[in-house]
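A closer look at the structure
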Amino acid sequence: MKHAFAARLGLFAMGLAFTALLFSSCGVLGIFPNMPAFEKRDNPNFPYDAHDTFAPGKVDRLTGNANANQVALYWTNPPDEDLAAVRIEWDPWEEGFDNPRYIKTPGDQTIISGLREGVEYYFRLFTLDFQGNMSEETGIPLRTTPGGDVSSPPELAMARIEAAQTNEATFSLHSVSDPMNTEAVKVEISWFPKTSSTQPIVTLELPPASDRLETIRELVADTSYTFLFRTLDMAGNRSKGIIREIHTPSINVPEVNSFEFGDVMITSTQIEVRWTDPPNMTDYSLILSWFEVDNPNAKGSTVIERQVPVIYSHVISGLKSKTAYDIRLQVVDMNGHSSFGKSLYGVRTADF
């Protein structure tokens, strides 16, 4: 009896050892058997850690469009270095689909065909690392259209405020890469309040996956504006649009020059930023502020007093590791007027 019990115990231990070997050798494949095997990136410094239990960040800027039988999805991947793939699943579930579907990094779009007309589907995207850790979902509902009619075109990938002065504002625009349309993306820009009764709507074209700086002029100083950026397809259908709000300054205060971060001074809890003060100013101050990209409520700021312009650097401390931050620097003159500010976007702290 004792010998039989010992034999069973030995087989159980061997089973545990085999399971551990399977998970450690297969990574994602061991946890999700339907997922294709992913190769490590061709990088000897790739941070693979079989004991890592932290999920990568979620996908961002998830958009899509649909026609009668297919949808196209577009998204922005998180900056995690060990990102392996994006898992896509959708409801209602139907026979004959590779559902869920896996898009290997750095893929950021896909087309799902063979869907039924006039059905509302809900698509869920999860990111996965090589260890099999999976993020929370990012979801989007899309309804296929009857008769092949096309729904709203995908939004711009980015519409960001870069600068504002008393009578103008500059925006940075980025168009998505659309596998269903290789033509230029038409963008319509409108804003409120109107600066005149005959104010035109600005229309411009962007090639797929391209950047452009666009300046809107003839604004009014010390005024709040709401800008709406919409894309148009060939049939004239408009997207819902991206809204950006600004307040033009009452006077133009000079900005700092050469605002940048130092690679050698980025640690897991610190980021060093450098700049050159604007010339010919006296008795002014600088406001340096920062916040987490994924959690804007996690923020901080500091005020730096000045007598004369200098070339300066500052180390922001107490930050979270493996976290992206947006950093802004404004100039305030002796009368309390501030510049719009210059920004650094998505500066990421190290993971060690």
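Everything discussed here concerns the structure shown above.
Everything numeric here is computed off the predicted structure, so don't read it as measured data. (Residues numbered from 1 in each chain as written. Predicted model: local features only at pLDDT ≥ 70, side-chain atom pairs only at ≥ 80, totals over all residues. Heavy atoms only, no water.)

1. With respect to the overall build of the protein
- In terms of helices and strands, the protein carries 2 helices and 21 strands.
- Within the protein, the fraction of its 352 residues that count as buried is 42%.
- A sequence separation of at least 24 residues applies to 64% of the contacts in the protein between residues at least 6 apart.
- Surface exposure of the protein reaches about 19200 Å², of which carbon and sulfur atoms provide 53%. (Helix = DSSP H or I, 4+ residues; strand = E, 2+ residues; numbered from the N terminus. Buried < 20%, exposed > 50% of the residue type's maximum accessible area, 1.4 Å probe, protein only. Contact = heavy atoms within 4.5 Å. Areas by Shrake-Rupley, 256 points an atom, 1.4 Å probe, with all protein chains shown as cover.)

2. Re the side chain of Ser175
- As for its position among the elements, Ser175 is in the loop between β9 (168-174) and β10 (185-192).
- Within polar-contact distance, the side chain of Ser175 engages the backbone oxygen of Pro207 at 2.6 Å.
- At 3.1 Å, the side chain of Ser175 forms a polar contact with the backbone nitrogen of Ala209.
- Setting aside chain neighbours within four positions, we find Ser175 in contact with Leu156, Ala157, Val185, Leu206, Pro207, Pro208, Ala209 and Ser210. (Polar contact = N/O pair within 3.5 Å; in protein donor to acceptor, adjacent residues only side chain to side chain.)

3. Some thoughts on the side chain of Thr110
- Looking at the secondary structure, you find Thr110 in strand β5 (residues 109-112).
- Engagement of the side chain of Thr110 in a polar contact is seen with the side chain of Arg101, the distance being 3.3 Å.
- In contact with Thr110, other than residues within four places in its own chain, are Val71, Ala72, Leu73, Trp75, Ile88, Arg101 and Ile103.

4. Observations regarding the sheet that holds strand β7 (residues 138-143)
- Pairing within the open sheet is antiparallel, and its 4 strands lie in the order β4-β3-β6-β7. Looking at strand neighbours, the two that pair on one side only are β4 (101-104) and β7, the edges of this open sheet. Strand-to-strand, the axes of this sheet are offset by a mean angle of 25°, without reference to chain direction.
- Relative to β4, strand β3 (residues 83-91) runs antiparallel, the two being bridged by 4 bridges. Looking across to β4, one finds that Ile88 is bridged to Arg101. (Pairing = 2+ DSSP bridges. Axes fitted to C-alpha atoms, helices over the stretch in contact; angles between N-to-C directions.)

5. A closer look at the environment of Lys342
- Along the chain, Lys342 turns up in strand β21 (residues 342-348).
- Judged by relative accessible area, which is 32%, Lys342 ranks as partly exposed.
- Taking C-alpha positions, Lys342 is 7.1 Å from Phe259, a pair spaced 83 residues apart along the chain.

6. Some details on the sheet that holds strand β19 (residues 311-316)
- Taken in spatial order, the 3 strands line up as β15-β16-β19 in an open sheet, and their pairing is antiparallel. The open sheet has two free edges, formed respectively by β15 (257-261) and β19, since each of these has just one partner strand. Across the sheet, the mean angle separating the axes of adjacent strands is 15° when strand polarity is ignored.
- Note that strand β16 (residues 271-276) and β19 share 6 bridges and pair antiparallel. Looking across to β19, one finds that Trp275 is bridged to Tyr312.

7. A word on the pattern of salt bridges
- Applying the stated criterion across every chain, the model contains 12 salt bridges.
- Between Arg348 and Asp80 there is a salt bridge, with the nearest N and O atoms lying 4.0 Å from each other. Pair noted here: Arg348 is in strand β21 and Asp80 is in the loop between β2 (71-76) and β3, with a separation of 268 residues, a long-range link.
- Using a relative accessible area of 26% as the deciding quantity, one classes Arg348 as partly exposed.
- By relative accessible area, which is 13% here, Asp80 ends up buried. (Salt bridge = Lys/Arg side-chain N within 4 Å of Asp/Glu carboxyl O.)

8. A few points about unusual backbone geometry
- Following Asp91, the chain continues to Pro92 via a peptide bond in cis, the omega torsion being 0°.
- In this fold, Pro92 is placed in the loop between β3 and β4.
- Positioned with a positive phi, Ala209 is a non-glycine residue whose angle comes to about 55°.
- Mapped onto the secondary structure, Ala209 falls in the loop between β11 (202-206) and β12 (211-217).

9. Observations concerning the packing of aromatic side chains
- This structure, assessed with the given rule, holds 9 aromatic pairs.
- Geometrically, the ring pair formed by Phe171 and Phe227 is tilted, given 4.7 Å between the ring centres and 55° between the ring planes. One end of the pair, Phe171, is in strand β9; the other, Phe227, is in strand β13 (residues 224-232), and 56 residues separate them in sequence. With respect to class, Phe171 is no different from Phe227; both count as buried.
- Note on Phe227 and Phe229: the rings are 6.5 Å apart at their centroids and 25° apart in plane angle, and the pair reads as stacked.
- On the basis of relative accessibility, which here comes to 1%, the residue Phe229 falls in the buried class. (Phe/Tyr/Trp six-rings, centres within 6.5 Å; stacked < 30°, edge-to-face > 60°.)

10. Structural notes on the environment of Val220
- Positionally, Val220 belongs in the loop between β12 and β13.
- Residues Val220 and Gln165 lie 55 residues apart in sequence; the distance between their C-alpha atoms is 9.4 Å.
- Ignoring any residue separated from it by four or fewer positions in sequence, one finds Val220 in contact with Thr166, Tyr225 and Thr248.

11. A look at the environment of Gly346
- Along the chain, the position of Gly346 falls in strand β21.
- For the pair formed by Gly346 and Pro79, sequence separation is 267 residues and the distance between their alpha carbons is 9.3 Å.
- Sequence-distant contacts of Gly346, defined by excluding residues within four places in its chain, comprise Val293, Ala324, Tyr325 and Asp326.

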